[in-house]
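What follows is each chain in one-letter form.
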Amino acid sequence: MKRIQYGRYGGSETMRLDEFELQTPAKGEVAVRVKFTAINPIDWKVRNGYLKMVTGKRFPRAMGSDFSGTVIAIGPGVTRFKPGDSVFGSARIKESGALGQAVVTSQTFLARKPENVSFEEAACLGTPGVTAWNGLVDKAKVAAGASVFISGCAGAVGAAAVQLARLRGATVSGSCSARDREKALALGVQTVFDYRTTDLSKTADRFDVVYDTSATMTPARAFRLLKKGGVFLDINPTPGKFIRSMFDRRLKPIVCTPRADILDGLARAAKDGKLRLTVAEIVPLSDAIPLITALEEGRALGGKGLVEMD
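Residues numbered from 1 in each chain as written. Predicted model: local features only at pLDDT ≥ 70, side-chain atom pairs only at ≥ 80, totals over all residues. Heavy atoms only, no water.

A.B. asks: Hey, could you go over empty space enclosed by the protein for me, with residue numbers and the actual values?
C.D. replies: In this structure the tally under the stated criterion is 1 cavity of 30 Å³ or more. By volume, the largest cavity amounts to about 50 Å³. If you trace the largest cavity, you find it lined by Y6, I42, D43, V46, A62, M63, G64, S65, I93 and S96. Residue composition of the lining of the largest cavity, grouped by class: 6 nonpolar, 3 polar and 1 charged. (1 Å grid on protein atoms, 1.4 Å probe; cavity = no way out; pocket = protein on both sides within 12 Å on 5 of 7 lines; lining within 4 Å. Points joined across faces, edges and corners; volume = space filled by probe spheres on them. Nonpolar A, V, L, I, M, F, W, Y, C, P; charged D, E, K, R; others polar.)

Below, the structure is given as structure tokens:
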């Protein structure tokens, strides 16, 4: 089989399309024949060594996080899936590997794909959906009647957050580029601010939750938008922010942490038509490295970039 991997931490020049042997699933693990893989910024952050304290120093290392496909084998103790099941989810950060023709991951990192959701759409749900859920549900406990502001509301995580917040009965405002204004309104954002022309510090609006899915807001800026008792969900965590959050309950650093119940919840929302992310471009595995490189260098697609496996 083939997958994209690298022999050292570094830039896009380290990526190669190489052959590999798929390991046999261990206890609690599932092997999946991948149909589509969604490209995420975490893919090149891991490759660049951003999380090397977690990912370690063993090479070559595989790339890729979110995917959809079909179960081909299960390890001992797996009860959630059987061979032939259509699934979506994420590879574990330490091993990665979704940018390949097959991958092995934990059964808790997968959910069954609803029949009315395409493999292309399902591949997009993992990281954006889980990250949105970790913030809005796990940390902020958003409920009906809450007011939520989402910075970057037209991006993948932002769009997922908008839809999940509305699903929980919240009123959503947000910021994005003028180009994405109509997209944000179609998602259900009630008030859309152009981040290039609006000084949010001068708005009189205050919110129960501010979620910075664009990783551009400082805590000081976010705190000015909060109601008393409100929380700031920060998608750009640092050791300093984690320490600060121990003393300031307004600050909630967010780390994408998949769980079976989250992925099952995303599957239900997608099945009910309440959660959908836009697919902008699909390329074959042989053309994946140029697309990953372009996205890393700042190319904007206006939706998710997918890799279709052979």
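A.B. asks: Could you give an account of the packing of aromatic side chains, naming the residues involved and the relevant values?
C.D. replies: A complete count under the given rule lists 6 aromatic pairs for this structure. Relative to Y9, the ring of Y6 lies with its centre 6.2 Å away and its plane at 45 degrees, an arrangement referred to as tilted. Taking the relative accessible area as the measure of exposure, Y6 reaches 1% and is therefore buried. According to the relative accessible area criterion, Y9 is buried, its value standing at 19%. An aromatic cluster of three or more residues is present, and its members are Y6, Y9 and F59. Just above the ring of F119 sits the side chain of K35; from NZ or CZ to the centre is 5.1 Å. (Phe/Tyr/Trp six-rings, centres within 6.5 Å; stacked < 30°, edge-to-face > 60°. Buried < 20%, exposed > 50% of the residue type's maximum accessible area, 1.4 Å probe, protein only. Lys NZ or Arg CZ within 6 Å of the ring centre and 35° of its normal.)

A.B. asks: Give me the lowdown on the pattern of salt bridges, citing residues and values where you can.
C.D. replies: Enumeration according to the criterion identifies 15 salt bridges in this entry. The partner of R92 in a salt bridge is E29, with the nearest N and O atoms 2.6 Å apart. Residue R92 is located in the loop between β6 (86-90) and β7 (102-106), and its partner E29 is located in strand β3 (residues 29-38); the two are separated by 63 residues in the primary sequence. In this structure, K82 and D85 form a salt bridge, with 3.0 Å as the shortest nitrogen-oxygen distance. The exposure class of K82 is partly exposed, given its relative accessible area of 49%. If you follow the salt bridges from partner to partner, you end up with E29, R92 and E95 in one network. (Salt bridge = Lys/Arg side-chain N within 4 Å of Asp/Glu carboxyl O. Helix = DSSP H or I, 4+ residues; strand = E, 2+ residues; numbered from the N terminus.)

A.B. asks: Kindly report on the packing of helix α4 (residues 126-139) against helix α5 (residues 156-167), identifying the contributing residues and their values.
C.D. replies: Packing of α4 against α5 leaves a shortest axis separation of 8 Å and a crossing angle of 55 degrees. In this view, α4 runs oblique relative to α5, as classed from their interaxial angle. Judged by the twist between their axes, the crossing of α4 over α5 is right-handed. Here α4 contributes P128, G129, T131, A132, W133 and L136 to the contact with α5, which in turn contributes A156, V157, A160, A161, L164 and A165. (Axes fitted to C-alpha atoms, helices over the stretch in contact; angles between N-to-C directions. Parallel < 35°, antiparallel > 145°, perpendicular 65-115°, else oblique. Left-handed = near helix turned anticlockwise from the far one by under 90°. Contact = heavy atoms within 4.5 Å.)

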